[in-house]
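One-letter residues, chain by chain:
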Amino acid sequence: MTDAEKQLVRREARGNVALILIDNPPVNATSQGVREGLAKAIAAAGADPAVAAIVITGEGRNFVAGADIREFGKPPLKPALTEVLNDIEASGKPVVAAVHGVALGGGFELALACHARVLDPQAHVGLPEVKLGLIPGAGGTQRLPRLIGIVKAIDIAGTGRQVNAKEALGLGVADAIADGDLKEFATDFARGLVGKPIRRASAAAPAPFDQEEAKAAIAAIDKKARGQISPRIAGETVLLAAKLPFSEGLARERATFLELLASGQSKAMRYAFVAEREAPRAPQIEGVAPRKVARVGIIGAGTMGAGIAVAFVDGGFPVSVVETSAEAAAAGAKRIAAPWDRHLASGRIGAAERAAKDKLVSIGSDLSAIADRDLIIEAVFEEMPIKQETFRRLGAVAKPGAILATNTSYLDVGQIGEASGRPGDVIGMHFFSPANIMRMLEVVQAPKSQLDAVATGVSIAKRIGKIAVVCGVCDGFIGNRILAHWRPLVDMMVEDGATPQAIDAALENFGFAMGPFAVADLAGLDIGWARRKRLAATRDPALRYASTIADRLCELGRFGQKTGAGWYVYPGGKRTVDPEVTALIEKVSAEKGRMQRDFPAETIVRMVRAAIVNEAAKVLQDGIARRPLDIDVVLIHGYGYPVWRGGPMFEADAIGLEHVLADIEETHAYAGDGYEPARLIVDLARDKRGFADLAPGEAERAA
Ligand code: 3H9
């Protein structure tokens, strides 16, 4: 072995068992050096007469997290993982995988090629390739069904979900769960296999199964994938294991894997994977140390405040919540407890864990309770005077150096910060609802926010499992500003002849989980109504007002799902078109004298995407987002933009900005003022460049 290989794959002797250790931080991906090192180590152990059995394991936090994503798209380097795994499986000496942390993708495939698998109790295994627009490419779709059956393998390969050790044991994919030290346990286990017949997954036949059940499982996975193709293909490739000999199935799997690797969907999903991890590394906070946060305070225990409290407690932080009165505090306590009580009832958490949650929260109505807190998040009503008053009081009570964060979705964080008397400590933390579930978090940097305060917002996000994107101050920051721009466009279309259900269907077929009218019904129409009334006096009369129908629905008390009716009605919980709404739309359109026209689904989608990309470019020009990837991450994780499209900026580049510009011009011609093409897109399209070609700071110079 060369020095480089020794570092990546090492061999240690444990009596007559060879322990092969993969050591390739951060996650032991099967990079070229690992594949080569593994091949050599297996060959050497096979040839060594002192070795009777072999254990393969990983150093660090994981077994192996899969193929090296950074090698994808580059010319393949020998040896291929498939060949290495075939060699491992062919070994005449028993080979045991000792799995801790995660064994994912190629890592799980490595474990499947071994003759037995021993799992740490906390280990997880899975085939997440579909989440990168791929299918397993090193035997996963052919070995797994031979071990656990076709239908269960379709589920695991088609969904990409992680399977815990207990389930893995039940499925028969794990042979044992380690008791005590994993390496020792696995070494003993391997020794126990010496002299016994070797069990090779590839030699087994999948158990008999119900064809119809398998087809239904694939159809269900395909439906959930909303336009993403790899989950269905993964399921279909698993099905081949029932029809083809192992080697042919393996060849078909490999060919499909390579085809998908070159597909637009996989490129988009791999980009999104990297973008999600890149987003928190905002250039302005590079090298800036965050402040220490051990204890958290939250002002307000309404829907948002309660969700934020749950998120922090779930992240292990002691949280003190302050409400306006004892009654409000009691109601807030109930809201905070609700998700944990549900998890307890469903068995997701046990009684001890449930009790531990309660120990971390205190709630009352005395503001001094948050005086010792390192981070205080305000989640009161979305009204500037109320927020300012809260910050004035926080400025007086909070300890020096505490970070004061406002959970606002639209308001000026700078103005709120001034009220505290210490604007340097103030940032925005815009959580998305439900705050304990949604992973997106916009960390808002106001002009006077100190960089270490911003860095703290970002680092704390990671600690509670959120994805932070840093943005500047404007009405709606990144996400809501873009939403507020394109949302009126579909209202205009409804006035001009499109139905809400046609628009929802078009955008759901595009890949959004829910169309905009269904979302409005879920979120509550009253929120937008209140905002429109508040802004009525300052509205630009040159802009077309297309919310009349929404206003009328609210006047009728139709606030959406919570009142049983909004854009739709919900008999038995099912979203249903209401003839009354259809009549109302026709009436308002006639009153306004709107010419009716056809909106094919393709036009709806093209115009909406054009409006999103156009406003996103303005967000870049204005310096609200520093990088196109920030926008993609916000739209994917905050607004359900289909991840297999990579987000609007990535998709716009893939389409070509000159084509997107033509769509923007068409949208502008239709929707009028406010929809003018962004200078940045005009410039980039002229130069045949894309968003990905932007140099740091270039977008702002285009403004
Ligand atoms: C595959 O296996 C194909 C095969 O079937 C066929 C082959 C022929 N490669 O997420 P984190 C980096 S497809 C390279 O922040 P966590 C990641 O970029 C693969 N790098 O940590 C980050 O680096 P940086 C199937 C990888 O603890 C650092 O590791 N496997 C890879 O929250 C830490 O990552 C998957 O899809 C990789 N495969 O979560 C698994 N994975 O700091 C994808 C991670 O420089 N990975 N990195 O940005 C994961 O799900 C999570 O990363 C994991 C750790 C659960 C492992």
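A. Quick look at the site of the ligand. Of all residues adjacent to the ligand, which total 25 residues, the nearest are Ala65, Ala67, Glu109, Glu129 and Arg277. Measuring from a nitrogen atom of the ligand, one finds a backbone N or O atom of Ile69 at 2.9 Å. Arg277 has a polar side-chain atom sitting 2.7 Å from an oxygen atom of the ligand. Relative to its unbound accessible surface of 1000 Å², the ligand loses 77% to contact with the protein. Among the secondary structure elements, those contributing two or more residues to the shell around the ligand are α4 (106-113), α11 (246-261) and α12 (264-278). Residue composition of the shell around the ligand, by class: 13 nonpolar, four polar and eight charged.

B. Quick look at the sheet that holds strand β11 (residues 319-322). If you walk across this open sheet you meet the eight strands as β12-β11-β10-β13-β14-β15-β16-β17, and the pairing is mixed. Across the chains shown, the open sheet's two edge strands, defined by having one partner strand only, are β12 (361-364) and β17 (467-472). Taken over all neighbouring pairs, the strand axes of this sheet differ in orientation by 25° on average, direction set aside. Bridging between strand β15 (residues 426-431) and strand β16 (residues 440-445) involves four bridges; their strand directions are antiparallel.

C. Examining unusual backbone geometry more closely. Here the residue pair Pro25 and Pro26 is connected by a cis peptide bond, since its omega of 5° sits within 30 degrees of zero. Along the polypeptide, Pro26 turns up in the loop between β2 (17-22) and α2 (32-47). With an omega dihedral of -10°, the bond running from Lys78 to Pro79 counts as a cis peptide bond. Mapped onto the fold, Pro79 is located in the loop between β3 (53-58) and α3 (81-90). You will see that Arg226, though not glycine, has its phi angle at about 45°, which is positive. Checked against the element boundaries, Arg226 lands in the loop between α9 (211-224) and α10 (230-240). In this model, Lys688 sits at a positive phi of 55°, which is unusual for a non-glycine residue. On the secondary structure map, Lys688 appears in the loop between α29 (679-686) and α30 (698-702).

D. Spotlight on helix α5 (residues 140-148). The buried fraction of α5 is high, at nine of nine residues. Buried within α5 we find Gly140, Thr141, Gln142, Arg143, Leu144, Pro145, Arg146, Leu147 and Ile148.

E. Geometry of the environment of Val118. Relative to the helices and strands, Val118 resides in strand β6 (residues 116-119). Along the backbone, Val118 and Ile177 are 59 residues apart, and their C-alpha atoms lie at a distance of 5.6 Å. Contact partners of Val118, with chain neighbours within four places excluded, come to Val96, Ala97, Ala98, Val99, Ala176, Ala178, Leu182, Phe185, Ala186 and Phe189.

F. Structural detail: the sheet that holds strand β8 (residues 162-164). With mixed pairing, three strands are arranged side by side in an open sheet as β5-β7-β8. If you trace the sheet from one side to the other, it starts and ends with β5 (102-104) and β8, each paired once. For this sheet, the mean angle separating the axes of adjacent strands, direction not counted, is 20°. Relative to strand β7 (residues 124-126), β5 runs parallel, the two sharing three bridges. What sits directly across from Ala103, in β7, is Val125.

G. Spatial organisation of the pairing of β3. With six of six residues buried, β3 lies mostly within the body of the structure. Alternating positions in β3 separate into two faces, Ala53, Val55 and Thr57 on one and Ile54, Ile56 and Gly58 on the other, with burial throughout. Sheet analysis places β2 next to β3, joined by six bridges and oriented parallel. Looking at the pairing, Val17 lines up with Ala53 of β3. Crossover handedness for the path β2 to α2 to β3: right-handed. Pairing of β3 with strand β4 (residues 95-99), which is carried by four bridges, proceeds in the parallel orientation. Note on β4: the bridge partner recorded for Ile54 is Val95. On the question of chirality, the crossover connecting β3 to the parallel β4 by way of α3 is right-handed.

H. Inspection of the environment of Ala272 at higher detail. Mapped onto the secondary structure, Ala272 falls in helix α12. Residue Ala272 is classed as buried on the basis of its relative accessible area of 8%. Distance from Ala272 to Leu629, taken between C-alpha atoms, is 8.3 Å for residues 357 residues apart in sequence. Dropping the residues within four chain positions of it, Ala272 is found in contact with Ile636 and Val643.

I. Representation of the packing of aromatic side chains. Inspection of the entire model under this criterion finds 11 aromatic pairs. Their ring planes at 25° and their centres at 4.6 Å tell us that Tyr271 and Phe650 sit as a pair that is stacked. Taken together, the residues span a long stretch of sequence, with Tyr271 in helix α12 and Phe650 in helix α27 (residues 648-655) at a distance of 379 residues. By relative accessible area, which is 23% here, Phe650 ends up partly exposed. A ring pair is formed by Phe312 and Phe317, whose centres lie 5.6 Å apart and whose planes are at 75°; its orientation type is edge-to-face. The buried category is assigned to Phe312, whose relative accessible area is 0%. Through successive ring pairs, a cluster of aromatic residues spans Phe312, Phe317 and Phe431. Sitting over the ring of Tyr410, Arg531 keeps its end group 3.8 Å from the ring centre. Of note, Lys533 hangs over the ring of Trp529, and the distance from its end group to the ring centre comes to 3.5 Å.

Definitions and cut-offs
Residues numbered from 1 in each chain as written. Predicted model: local features only at pLDDT ≥ 70, side-chain atom pairs only at ≥ 80, totals over all residues. Heavy atoms only, no water. Near = heavy atom within 4 Å. Polar contact = N/O pair within 3.5 Å; in protein donor to acceptor, adjacent residues only side chain to side chain. Areas by Shrake-Rupley, 256 points an atom, 1.4 Å probe, with all protein chains shown as cover. Helix = DSSP H or I, 4+ residues; strand = E, 2+ residues; numbered from the N terminus. Nonpolar A, V, L, I, M, F, W, Y, C, P; charged D, E, K, R; others polar. Pairing = 2+ DSSP bridges. Axes fitted to C-alpha atoms, helices over the stretch in contact; angles between N-to-C directions. Buried < 20%, exposed > 50% of the residue type's maximum accessible area, 1.4 Å probe, protein only. Contact = heavy atoms within 4.5 Å. Right-handed = clockwise from strand over helix to strand, strands pointing away. Phe/Tyr/Trp six-rings, centres within 6.5 Å; stacked < 30°, edge-to-face > 60°. Lys NZ or Arg CZ within 6 Å of the ring centre and 35° of its normal.

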